[in-house]
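Architecture and fold: a report
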Amino acid sequence: MAQFPEVSKQSSLHPKPADVFLQYATAGFRTNAKLLDHVMFRMGVLATLRSKKTNATIGVMVTASHNPEEDNGVKLIDPMGEMLSQTWEVFATQLANADQDDFLTALMDVIEKGSVDMSREANVFVGKDTRSSSASLSQAVLDGVSALGGRSRDYGLLTTPQLHYMVRCHNTRGEYGEATLEGYYKKLSQAFIQLTKNASNCTDDQKHLSVDAANGIGALKLREMECYLNKELHISLFNDGSRGKLNHRCGADFVKTQQKAPTGLTMNPGERGCSFDGDADRIVYYYIDSEGQFHLLDGDKIATLICTFLKELFTQVGLNLNVAVVQTAYANGSSTHYLEDTMKVMVRCTKTGVKHLHHAAQEFDVGVYFEANGHGTVLFSEAAEEQIRQLVEDATADEERKRVALLLQNTVNVINQTVGDAISDMLLIEAILTIKGMTVQQWDAIYGDLPNRQLKVKVADRRVIDTTDAERRVVSPAGLQESIDTLVRNHRRARAFVRPSGTEDVVRVYAEAETRESADALAHEVSLAVYRLAGGVGGEPKPLL
Ligand code: G16
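Note that the structure is a prediction, hence the values are computed from the model and not measured. (Residues numbered from 1 in each chain as written. Predicted model: local features only at pLDDT ≥ 70, side-chain atom pairs only at ≥ 80, totals over all residues. Heavy atoms only, no water.)

Side note on the packing of aromatic side chains
Applying the stated criterion across every chain yields a total of 14 aromatic pairs. On the basis of an interplanar angle of 70 degrees and a centroid distance of 5.0 Å, the ring pair of phenylalanine 125 and tyrosine 155 is categorised as edge-to-face. Linking phenylalanine 125 in strand β4 (residues 123-128) with tyrosine 155 in strand β5 (residues 151-157), this pair joins segments that are 30 residues apart in sequence. Judged by its relative accessible area of 2%, phenylalanine 125 falls in the buried class. For the cation-ring pair, arginine 153 lies above phenylalanine 125, with the distance from its terminal atom to the ring centre recorded as 5.9 Å. The ring of tyrosine 176 carries the charged tip of arginine 168 above its face, separated from the ring centre by 4.4 Å. (Phe/Tyr/Trp six-rings, centres within 6.5 Å; stacked < 30°, edge-to-face > 60°. Helix = DSSP H or I, 4+ residues; strand = E, 2+ residues; numbered from the N terminus. Buried < 20%, exposed > 50% of the residue type's maximum accessible area, 1.4 Å probe, protein only. Lys NZ or Arg CZ within 6 Å of the ring centre and 35° of its normal.)

Set out below in structure tokens:
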């Protein structure tokens, strides 16, 4: 087609292999890096269209986050730093899968369906993680942007949430912060220092935290940030990428799913540790007790801590704000009960994927959203932020009110409201523990988790599994939900569900029950049901030892 000669030329340098079908899923496209060159080029093109459509800068992040090193992936970031609109996810899948000869036709179709004004300018920010494939794949994105005449800024190595932050800062003309790494480090660290400066009796021991950076980008960025923290937090960094393999036996996903400490980390009993994932958008905490037992504090525990802290501050200054917690089906039943019954907080459940939680959280004055895997943040409505601002500026307020108002304002500032951010979440959690003078054990004791287990089952085509009710029930294949219901009835305080993963080629199984043995047995039984009724491959799942 005559309209886009440069796209045509460049596209032929990033050809689509035959027989590859990929879906824009939970977190964009994810698969083996060798299959992604054409997808990256095409997402550069799509980001340029999206920028023209929204008249704003769009982000493109090259990462496969928690997946193994040989995978890679890409996700687009909308103007306010949020995930790509779901209408455009459909366009992404359409462009990524168009046959090589049909690519320009698909492009024209997206321009028409998306009502894109092609006379507008376009601007795209690009970031990448530390995978060896990320350099050439992010170049393919840049090629896609320039082929359609867009301008781009290549930020190089960034954590995913840092790129989300840059996009929002740029599109709000600096109102949210400065769109540079230095701006990000300064905003977060100054808020952290302000939050913790008046905490009484904070010893060096309490300021110490061990961080497992999953051998990923989080290690580089945490090192860069340390000098801004004025020694107010003493970080021992493990799995910094100098030796180990990305996400291999370490990182937030490993720790959460295996329920054990990452390799390569040494910690004394009682000390706090935390793990980031491969692109530093998730965080989980843990400690080992004096008997050597590992205790995990996951996204549910983090949400509860943050929610408790905020509600206390709101009560102290008399702010009447509508606070809610957003979770997914993976949330431990104990956390939901504690939030609803003891804290009297509204809890919403959405499908897996930060994009779903984020949208649900936007409906409240203050929406605390966390997936159990440690992916989450807090959103404040404009009205809530305005009320906090007014409190800070209230000249008639007494000292105590002023102090709490400032705590609230710095809490807002330490949070990256664009998306879950391991660095920002870590600073918030550390600040809360310091302010409340709370140990990790005291935090853990707020409520007790029900024993739970997550497993993966390989099937020929995971799309045969269809779910409903925020992924808590299966609609197809026929008979699977009935089997799960029967199995669950055989265990006390039990719950189980299955869903196709959007980032790996597996079906995920979750089970919780009153005892460890029961949770493990139920997870295995449900895995067998999936294997038998949903086309399992590679041998029946074995019982857990
Ligand atoms: C991504 C998403 C998360 C999701 C996770 C697992 O995390 O951003 O919201 O929980 O994948 O998704 P699934 O179970 O569909 O594979 P990350 O950290 O890998 O980007």
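After that view, the rundown keeps rolling.
Overview of the sheet that holds strand β13 (residues 366-370)
With mixed pairing, the 4 strands of this open sheet are ordered in space as β12-β11-β13-β14. Each edge of the open sheet carries a strand with a single partner, namely β12 (346-350) and β14 (376-380). On average, adjacent strands in this sheet sit at an angle of 20 degrees to one another, irrespective of strand direction. Relative to β13, strand β11 (residues 323-328) runs parallel, the two sharing 4 bridges. (Pairing = 2+ DSSP bridges. Axes fitted to C-alpha atoms, helices over the stretch in contact; angles between N-to-C directions.)

A closer look at the site of the ligand
If you check the shell around the ligand, you find 20 residues, and the closest are Ser65, His66, Glu371, Ser501 and Thr503. Note that an oxygen atom of the ligand is positioned 2.7 Å from one of the side-chain N or O atoms of arginine 30. Within the side chain of glutamate 371, one N or O atom sits 2.6 Å away from an oxygen atom of the ligand. Taken by itself the ligand offers 460 Å² of open surface, and the protein chains cover 98% of this. (Near = heavy atom within 4 Å. Polar contact = N/O pair within 3.5 Å; in protein donor to acceptor, adjacent residues only side chain to side chain. Areas by Shrake-Rupley, 256 points an atom, 1.4 Å probe, with all protein chains shown as cover.)

Quick look at the pattern of salt bridges
Counted under the stated rule, the structure contains 31 salt bridges. Close ionic contact of aspartate 129 with arginine 131 constitutes a salt bridge, the shortest N to O distance being 2.8 Å. Among the ionic contacts, a cluster of salt bridges with common partners joins Asp253, Asp277 and Arg282. (Salt bridge = Lys/Arg side-chain N within 4 Å of Asp/Glu carboxyl O.)

Concerning the environment of serine 146
Tracing the backbone through its elements, the reader meets serine 146 in helix α5 (residues 134-147). For the pair formed by serine 146 and alanine 431, sequence separation is 285 residues and the distance between their alpha carbons is 43 Å. At 3.2 Å, the side chain of serine 146 forms a polar contact with the backbone oxygen of aspartate 143.

Thoughts on helix α13 (residues 382-393)
Along its 12 residues, α13 runs 16 Å from first to last C-alpha, staying within 8% of the 16 Å computed at 1.5 Å per residue. Among the residues making up α13, those that are buried are Ala384, Ile388 and Leu391. All buried residues of α13 project into a common sector of 55 degrees when viewed along the axis, lining one side. For α13, exposure combined with an orientation more than 90 degrees from the buried face picks out Glu382 and Glu393. On its buried face, α13 sits against α10 (299-317), β13, β14 and α14 (399-414). (Expected span 1.5 Å × (residues − 1). Arc of directions from axis to C-beta. Contact = heavy atoms within 4.5 Å.)

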